[in-house]
Amino acid sequence: MEAKVKNFAAFTDAETPLEAAHNEIAYRAALEGIVLLENDGCLPIKPGKIALYGAGAAMTIKGGTGSGEVNERHAVSVMEGLENAGFTVTTQRWIDEYARLYKEGEEAYGREFKKKLSPFHLGELFNLMSNPYQYPVGGPVTEQDIAQSDTDTCIYVVSRQAGEGADRKLYNGDNKLSETEVQNIAICARVYAKMIVVINVGSSFDMNFVDEIEGINAVIFLCQQGGRGGQAFADLISGKVSPSGKLADTWAKRYEDIPFANEYSYLNGNLEEEYYKEGIYVGYRYFDSFQVEPKYHFGYGLSYTNFAITPKSVTTEQTKVKVCVEVINTGDTYAGKEVVQLYVSCPQKKLAKEYQRLVAFEKTRVLLPGESETITLEFDMAGAASYDESEAAKILEGGAYILRVGNASNQTHVCGVVDLERDVILVRTHYICQQRIPFEEIEPAVRAEEVIRENVPHVSMEAAVFVTRTCVYENPAVYVSEETDRLLGALTLEEEAELTVGSGMLSGGTCYFEAPGAAGSTTGKLLAKNIPNICVADGPAGLRLQRTSAVTKKGKVKMVDAWISLMNYLPGWIKKFMFGDIEKDTLIYQFATAFPVGLALAQTWNTDLVEEVGYAVSEEMKAYGVSYWLAPALNIHRNPLCGRNFEYYSEDPLVSGKMAAAITKGVQRIPGNYVTIKHFCCNNQEDNRNKTNANVSERALREIYLRGFEIVVEEAHPGAVMSSYNKVNGTYVNNSYELLTKVLRNEWGFDGLVMTDWYATGKELGDDAKAIAAGNDLIMPGSKAAKKRILAGVKDGTVSEEDIRRCAANVLKGIVSTDIYRIYAEENNNTKGR
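In this report, the structure presented in the accompanying data block is examined. Worth saying up front: this structure is predicted, and the values here are computed from it rather than measured. (Residues numbered from 1 in each chain as written. Predicted model: local features only at pLDDT ≥ 70, side-chain atom pairs only at ≥ 80, totals over all residues. Heavy atoms only, no water.)

Here the focus is the packing of helix H1 (residues 17–33) against helix H7 (residues 229–237). In the contact formed by H1 and H7, the axes pass within 8 Å of each other and the chain directions differ by 50°. Classed by the angle they form, the pair H1 and H7 counts as oblique. By crossing handedness, the relation of H1 to H7 is classed as right-handed. Across the interface between the two elements, Tyr27, Ala30 and Leu31 from H1 touch Gly229, Gln231, Ala232, Asp235 and Leu236 from H7. (Axes fitted to C-alpha atoms, helices over the stretch in contact; angles between N-to-C directions. Helix = DSSP H or I, 4+ residues; strand = E, 2+ residues; numbered from the N terminus. Parallel < 35°, antiparallel > 145°, perpendicular 65-115°, else oblique. Left-handed = near helix turned anticlockwise from the far one by under 90°. Contact = heavy atoms within 4.5 Å.)

This brings us to the sheet that holds strand E28 (residues 693–695). Pairing in this open sheet of 4 strands is mixed, and the strands run E7-E28-E30-E31 from one edge to the other. Across the chains shown, the open sheet's two edge strands, defined by having one partner strand only, are strand E7 (273–275) and strand E31 (731–732). Here E7 pairs with E28 via 3 bridges, running parallel. For Glu274, the partnering residue across the bridge sits in E28 and is Ala694. (Pairing = 2+ DSSP bridges.)

This brings us to unusual backbone geometry. Following Leu43, the chain continues into Pro44 via a peptide bond in cis, with omega recorded as 0°. Within the element layout of this structure, Pro44 appears in the loop between strand E1 (35–39) and strand E2 (49–53). A cis amide bond links Met780 to the next residue, Pro781, at an omega of -5°. Its place among the elements puts Pro781 in the loop between helix H18 (768–774) and helix H19 (784–796).

For any pair of aromatic rings, the description consists of the separation of the ring centres together with the inter-plane angle of the planes. Enumeration according to the criterion identifies 31 aromatic pairs in this entry. Centre to centre, the rings of Phe221 and Trp251 are 4.7 Å apart; their planes meet at 75°, and the pair counts as edge-to-face. Here Phe221 is found in strand E6 (residues 218–221), whereas its partner Trp251 is found in the loop between H7 and E7, with 30 residues between them in sequence. You can call Phe221 buried: its relative accessible area is 0%. Pairing Tyr284 with Phe298 gives two aromatic rings, centres 4.5 Å apart and planes at 25°, and the pair type is stacked. You can see Tyr284 sitting in helix H8 (residues 284–289) and its partner Phe298 sitting in the loop between H8 and strand E8 (307–317), a full 14 residues away along the chain. Residue Tyr284 is classed as buried on the basis of its relative accessible area, which comes to 1%. Relative accessible area serves as the criterion here: at 0%, Phe298 is assigned to the buried category. One aromatic cluster in this structure is built from Tyr53, Trp94, Tyr98, Tyr102, Tyr109, Phe113, Tyr133, Tyr135, Tyr156, Tyr192 and Tyr569. Its guanidinium or amino end placed over the ring of Tyr266, Lys169 lies 4.9 Å from that ring's centre, counting from NZ or CZ. Over the ring of Tyr473 we find Lys742; its NZ or CZ atom is 5.1 Å from the centre of that ring. (Phe/Tyr/Trp six-rings, centres within 6.5 Å; stacked < 30°, edge-to-face > 60°. Buried < 20%, exposed > 50% of the residue type's maximum accessible area, 1.4 Å probe, protein only. Lys NZ or Arg CZ within 6 Å of the ring centre and 35° of its normal.)

This next bit is on the side chain of Asn726. Looking at where Asn726 falls in the secondary structure, it is placed in the loop between strand E29 (720–723) and strand E30 (727–728). Polar side-chain contacts of Asn726 include one of 3.1 Å to the backbone oxygen of Cys681. A polar contact is formed between the side chain of Asn726 and the backbone oxygen of Cys682, at a distance of 3.4 Å. Other than its neighbours up to four places away in sequence, Asn726 contacts Cys681, Cys682, Asn683, Arg689, Thr692, Ala694, Thr731, Tyr732 and Val733. (Polar contact = N/O pair within 3.5 Å; in protein donor to acceptor, adjacent residues only side chain to side chain.)

For the rest of this paragraph, the subject is H7. Counted residue by residue, H7 has 8 buried out of 9 residues, so it is predominantly covered. Every buried residue belonging to H7 is among Gly229, Gly230, Ala232, Phe233, Ala234, Asp235, Leu236 and Ile237, and all of these are buried. Its buried side turned inward, H7 meets H1, helix H2 (78–84), strand E4 (153–159), strand E5 (194–200) and E6. Immediately downstream of H7, the backbone of Gly239 shows phi near 85°, a positive value.

Next comes the structure, spelled out in structure tokens:
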């Protein structure tokens with residue numbers, strides 16, 4: 001039977017208790033994700049008159065563009081946050097003038113957008129995401145502005161926007177101050193006694209101006225903090241809370257200090273081939289190993305108080321290492337939190353290694369002046385392993401593993417040494433993703449052996465405590481359960497293929513359930529076989545859904561508020577077709593929470609808090625009927641110009657993996673709700689993302705670009721993985737049996753659903769049939785052509801009937817565990833339930 005289309009949207013726009021509770025979580029996450037970079041004692045400041053300038057003053061950027069957008073009810077700007085905290089903003093003339101410039105620029109952008117959009121090629125709409133409206137920097141700060149401000153305190157908010165489909169530009173002021181901003185900040189620094197610069201950007205930024213302009217007293221990396229960022233900012237600068245955020249990336253003094261910086265993405269003119277010549281030396285691994293001094297070190301961040309970190313003991317238990325430290329707030333005025341970071345320097349023997357790598361971290365509770373807390377940092381020695389390409393094995397080389405503890409990568413001291421008696425093979429693997437084009441990787445000069453103080457404790461670890469695992473490679477068995485077997489048994493091969501092809505937000509057609517604005521769903525064409533569709537929604541800063549929708553008299557749901565910002569610039573004739581009539585139609589509402597972006601969450605270094613964010617998202621998924629959240633995103637910050645760095649966590653695979661695992665645990669605490677960790681893997685640039693080829697060594701691939709995903713799979717068991725657009729060493733990831741089956745399923749034991757990124761297969765892209773054969777269960781958003789190619793693939797030998805059935809079973813496994821399936825089954829009496 002064909003069911004009536006359902007949704008869980010509300011018929012009132014009143015704020016719910018859930019929305020209020022989630023905004024409070026967003027606020028707490030923002031508080032801990034803002035990083036204080038510079039402070040000469042200027043901060044904190046008491047509420048009073050304040051001069052406020054800059055693009056992000058009243059139009060603070062809460063997050064990036066594209067699929068990472070969130071349509072919340074309201075976002076608190078820096079200006080609103082300050083005023084709510086008791087400050088009086090005295091530069092309204094400049095702010096009003098900025099609003100006028102912004103509106104003029106946006107109108108001009110809209111006119112150009114409409115010219116580019118052909119009525120015959122609406123698919124180009126998604127390509128236009130690569131060129132979002134860029135905020136103007138604003139006009140000059142005038143003598144009138146300064147005189148009218150009537151204060152000695154100034155805040156200047158520098159903002160930059162980036163997003164899906166394009167990388168940030170190096171030479172147009174995208175990564176550094178514009179001339180107007182330099183002049184404005186210089187003037188303000190000269191005339192105001194207290195000058196605070198705020199960086200409202202979703203990645204690192206060129207900070208040389210701090211040394212070049214005299215009179216800057218404090219610098220804050222606001223990042224992009226979601227719907228409550230302005231409130232959190234005001235509470236931090238007023239001293240209500242002490243900053244506790246730490247950088248999750250290294251900030252270079254000059255862009256050129258990054259290895260092979262000018263070969264990244266578009267900069268060398270070659271968007272087809274990207275060479276990862278830096279190997280394992282990414283971020284602090286490079287700066288520490290090659291002794292290049294950055295502007296701000298990985299893990300760095302100031303507080304209004306000081307802390308002492310004192311090691312107490314180092315112990316081992318089997319393959320685990322435990323370091324116990326005491327943290328004391330040594331200040332006399334402010335309470336605060338500290339992040340304790342544990343690094344290890346591995347033996348430099350057969351394999352050259354980075355100077356140090358992060359192996360564990362913990363954040364304290366709030367410590368009052370003089371108060372202390374004892375923290376235990378624990379890691380498995382596998383976290384210190386390297387991949388030996390000559391042996392196709394993950395190994396630990398015998399020797400001294402030097403433990404370093406501190407509160408930033410450059411602020412550590414040796415607290416212990418683990419002596420491993422001999423080399424150990426941890427895991428034997430097959431070779432994967434062999435390089436098609438050879439190239440040389442960099443290696444640091446050999447350092448003199450470090451002399452360890454006599455009073456540093458040494459602990460021994462015997463090789464016998466390790467058990468070598470040899471991976472077995474085979475096609476996974478087709479998933480079986482009473483319910484999925486019953487449903488699959490009623491399907492033809494063509495219907496099984498239908499199940500592996502999803503539906504998009506613009507696809508139309510039959511469905512049982514919709515969450516308006518969701519990115520897509522599984523097929524709705526099998527209702528006659530008692531298989532309803534389920535919805536997937538974008539992330540990762542919250543759920544991207546339509547905030548307000550209109551239900552026509554015929555029951556069709558249309559948008560009122562656009563589900564993605566670029567839709568606002570559509571020509572009127574398209575809007576008339578796609579948008580509802582608020583006068584005639586019934587309005588329904590879905591208010592999602594805008595949480596801090598991925599980078600901002602990583603800067604909290606607080607996995608418990610990040611898990612709370614995940615659970616809050618899951619509650620909204622349940623409320624609106626979303627089964628798979630297309631998040632978290634955990635690609636490595638290989639270069640600060642990547643357009644989607646705001647979505648991703650860090651340059652470090654441990655931080656990335658731990659944060660994504662925390663989000664996953666939070667989301668999947670509610671049965672039937674699943675994350676989709678993305679973009680697996682090496683999606684480290686946006687320009688030409690559909691066709692670029694990541695040329696990377698197997699060691700770098702395993703130690704840097706796969707490691708975070710491995711942590712999430714092993715620790716949190718995500719329900720789904722999204723394969724990325726790009727190729728790795730010549731093969732599209734969605735066509736890579738080595739990545740999607742050998743690594744993901746055989747080596748790591750992943751047993752969930754794999755889906756493609758949107759429109760990642762087709763002509764001149766990954767092959768749909770090869771995707772199914774590789775272990776990519778669901779083609780998104782799917783098409784008739786995809787299904788046709790899969791069935792043709794059976795005839796030409798590209799894919800087997802068993803491959804199709806295996807993928808269909810994995811799709812069904814997810815469907816039958818959801819609330820949507822339970823509701824459908826109860827309505828149709830076709831099952832005994834879950």
